[in-house]
Amino acid sequence: MDKLIICRCEEVSLEDIENTANKYSCSARELKLRTRAGMGYCGGRTCRPAVDAVLEEVTGEKPGNDIPLKVQPPVRPVSLSVLGGKKR
Amino acid sequence: MYDVVIIGAGPAGLSAAIACRESNLHVLVIDEFPKPGGRLLGQLHQEPTGEWWNGIEETKILMDKATTLNTEIKCGISAHHIEKTDHGYSVHTNEGVFESENLLIATGAAETAVPIPGWTLPGVMSIGAAQVMTNVHRVRVGNKGVVVGVNVLSAAIARELQLAGVELHSMALPASNPVTKNHANPRKVMEGLVRIAHLAPSAFIRFGSKFAKAEWVRNIAVSFYPKGGVKMWGMPIHIRKAIVQINGTEKVESVTMCDITADGEIVKGSEKIIEVDFVCIAGGLYPLAELASVIGCPFQYVEELGGHVPVHNEQMETPLEGLFVAGNITGIESAKVARAQGTLAGLSIVKQKLRDHKDINAKIQQAVANVQAVRDAASIQFHPGIDEGRKKIESAFEEYKIS
């Protein structure tokens, strides 16, 4: 069977995430930084709940009230010119 | 400077805009989709009463009202950041920055992905994407497909695809893995289906009546679930079969389906290849709250509402002054609830702006009661404990105010 991809932007597999979470007993943030899951083009909009679910499975803890992975602007893909560069 | 910028032109955002325009507030509505209506546009289903709910018609009613009131609505604009300023909020978009005293975030929900092997192949889409292509863009998603994930949303949309003449082989569960586990457990799926049977459209009632509500009957139903599935609208729904792999080199060519035990374990040697050219994955919805998060609005994790929800009270105010929320960002419910919440949020914004506006408190009380009445009568309920979930979020708001 093929590897099961969780984060499609950065091509991070379930295996990568589980191994990293087990090895380092990571927080969601550390897991993101170590694997790059959720750091691709879509900004984690697709895989965020999946990464949370894997962590929940590994740690056995329900998510807390804070959003596990901090949301950073820009929350949509925008061109650099929109963020302050000169428009062509 | 606007009195209010409303992000999201769905049922919540448009209803709020109408309420604000009726009191002559300076309003801007923005939406990232090319046309207004939000996810309402895709909806088409039969109510238990036999009446049809047509989202395009419902959108038109809202848009006619908004247009009569000269509401400024800009579509095809994405908000990518929001900053709190001394006098309100700056909404950063790909079409410039909009300044507003108040802000309503009505961004709705996003679909939860259900990863199974092969789900990154072209031809695999979320069930909601199939709905938008079919009912909004009028594009045929494929010739023959399967739906992975059995729940109220996927069954309703599968019906819409059928009505549009798209052939579906069947609906089945996803293979179990740490992400799919709840969607992959036949007992949990059966519980969910039986719970909604009394509320939902006629074919569901027939589906539900086959399996009584007692737990032991459900267990028997799961254990002795018909091999050929239970047919709804002529299409087999399998809760004892799972899609374990989507196959193809350049695009979807087939899926591998296996029998599963009542606990979701795969029965070895039961693999069957089914030729399809598209696959719809249905993992449910979660509140799309990124923008509330970047301004620093506090959140509460409430499973009954679909996940992390911005803290708010029953008048749709958040703890941040001038920040309001309405619609599915506050919890996954039907479009009718979103519409009622939008009207309520609009009135709360009017109150915030025109402090001594006469009769506004009475109107707000009426709108609060209306939201509850619409919720109680809802024909589609995604989460069973919605009222408990709502109570949790309100007490979180009270606690937040005290601390």
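Check the entry above for the structure.
Note that the structure is predicted; figures quoted are calculated from it, not measured.

S.K.: Where do I start with the overall build of chain B in this structure?
M.R.: In terms of regular secondary structure, chain B is built from 11 helices and 21 strands. A globule of 403 residues ought to have a C-alpha radius of gyration of about 22 Å, and chain B, at 22 Å, matches this closely. With the C-alpha coordinates aligned to their principal axes, the bounding extent of chain B is approximately 70 × 45 × 40 Å. A sequence separation of at least 24 residues applies to 62% of the contacts in chain B between residues at least 6 apart. In the form shown here, chain B has an accessible surface area of approximately 16300 Å², with 51% of it arising from carbon and sulfur atoms. Averaged over its 38 positive side-chain charges, chain B has a centre that lies 7 Å from the centre of its 43 negative ones.

S.K.: For this particular structure, what's the right way to read the overall build of chain A?
M.R.: When you go through chain A residue by residue, the secondary structure sums to 3 helices and 2 strands. Along chain A, from the amino end to the carboxyl end, the secondary structure elements read β-β-α-α-α. Expressed as lengths along the three principal axes of its C-alpha atoms, the size of chain A is roughly 50 × 35 × 20 Å. The burial tally for chain A puts 39% of its 88 residues in the buried class. Residue pairs in contact within chain A that sit at least 24 positions apart in sequence constitute 47% of those at least 6 positions apart. Placing the 15 positive and 12 negative side-chain charges of chain A at their respective mean positions leaves the two points 14 Å apart.

S.K.: Would you mind showing me how to read helix α4 (residues 152–163) of chain B here?
M.R.: Because each turn of an α-helix spans 3.6 residues, side chains separated by three or four positions end up pointing in the same direction. All names here are of chain B. Over its 12 residues, α4 extends 17 Å from the first C-alpha to the last, a length consistent with the 16 Å expected when each residue adds 1.5 Å. α4 sits mainly inside the fold: 9 of its 12 residues count as buried. Listed in full, the buried residues belonging to α4 are V152, L153, S154, A155, A156, I157, A158, E160 and L161. Capping of α4 at its N-terminal end is provided by N151; its side-chain oxygen lies 3.1 Å from the backbone amide nitrogen of L153. Within two residues after α4, G165 carries a phi angle of roughly 85°, on the positive side.

S.K.: Just checking my understanding: could you explain unusual backbone geometry for this structure?
M.R.: Between P73 of chain A and the following residue, P74 of chain A, the backbone shows a cis peptide bond with an omega angle of -5°. Here P74 of chain A shows up in the segment after α3 (48–59). Backbone geometry places E11 of chain A, a non-glycine residue, at a positive phi of 50°. As for its placement among the helices and strands, E11 of chain A is situated in the loop between β1 (5–7) and β2 (12–13). Even without glycine at this site, R138 of chain B takes up a positive phi of about 55°. Examined against the element boundaries, R138 of chain B turns out to sit in the loop between α3 (127–136) and β11 (144–148). Note on R138 of chain B: relative accessible area 62%, which makes it exposed.

What counts, and at which threshold
- The residue numbers shown here count from 1 along each chain, following its written sequence.
- Naming scheme: in the order in which they are written, chains are lettered from A and ligands are numbered from 1.
- Confidence filtering applies because this is a predicted model: local features only for residues at pLDDT of at least 70, side-chain atom pairs given and counted only at 80 or more, and all residues used for totals across whole chains, interfaces and linings.
- Water and hydrogen atoms were dropped before computing side-chain values, which therefore reflect all heavy atoms in the structure.
- Labels follow the DSSP assignment, with helices taken as runs of H or I lasting at least four residues and strands as runs of E lasting at least two, numbered in each case from the N terminus.
- Computation of the radius of gyration draws on C-alpha atoms alone. For the globule rule, the value is 2.2 Å times the number of residues to the power 0.38.
- Contacts are residue-level and defined by heavy atoms, with any inter-residue pair within 4.5 Å sufficient.
- To measure how exposed things are, a 1.4 Å probe is used in the Shrake-Rupley method; for residues, cover is taken only from the protein chains shown.
- Working convention for charge: Lys and Arg count positive, Asp and Glu count negative, and His plus the chain ends are omitted.
- All charge positions are set by atom: Lys at NZ, Arg at CZ, Asp at CG, Glu at CD.
- Each residue is placed in one exposure class: buried if its accessible area under a 1.4 Å probe, protein chains only, is under 20% of its type's maximum, exposed if it is over 50%, and partly exposed if it falls in between.
- A helix's residues, less one, multiplied by 1.5 Å, set its expected span.
- Distance and chemistry together define a polar contact, namely a pair of N or O atoms within 3.5 Å, with one atom able to donate a hydrogen and the other to accept it when in protein, and with adjacent residues in sequence counting only for side-chain atoms on both sides.

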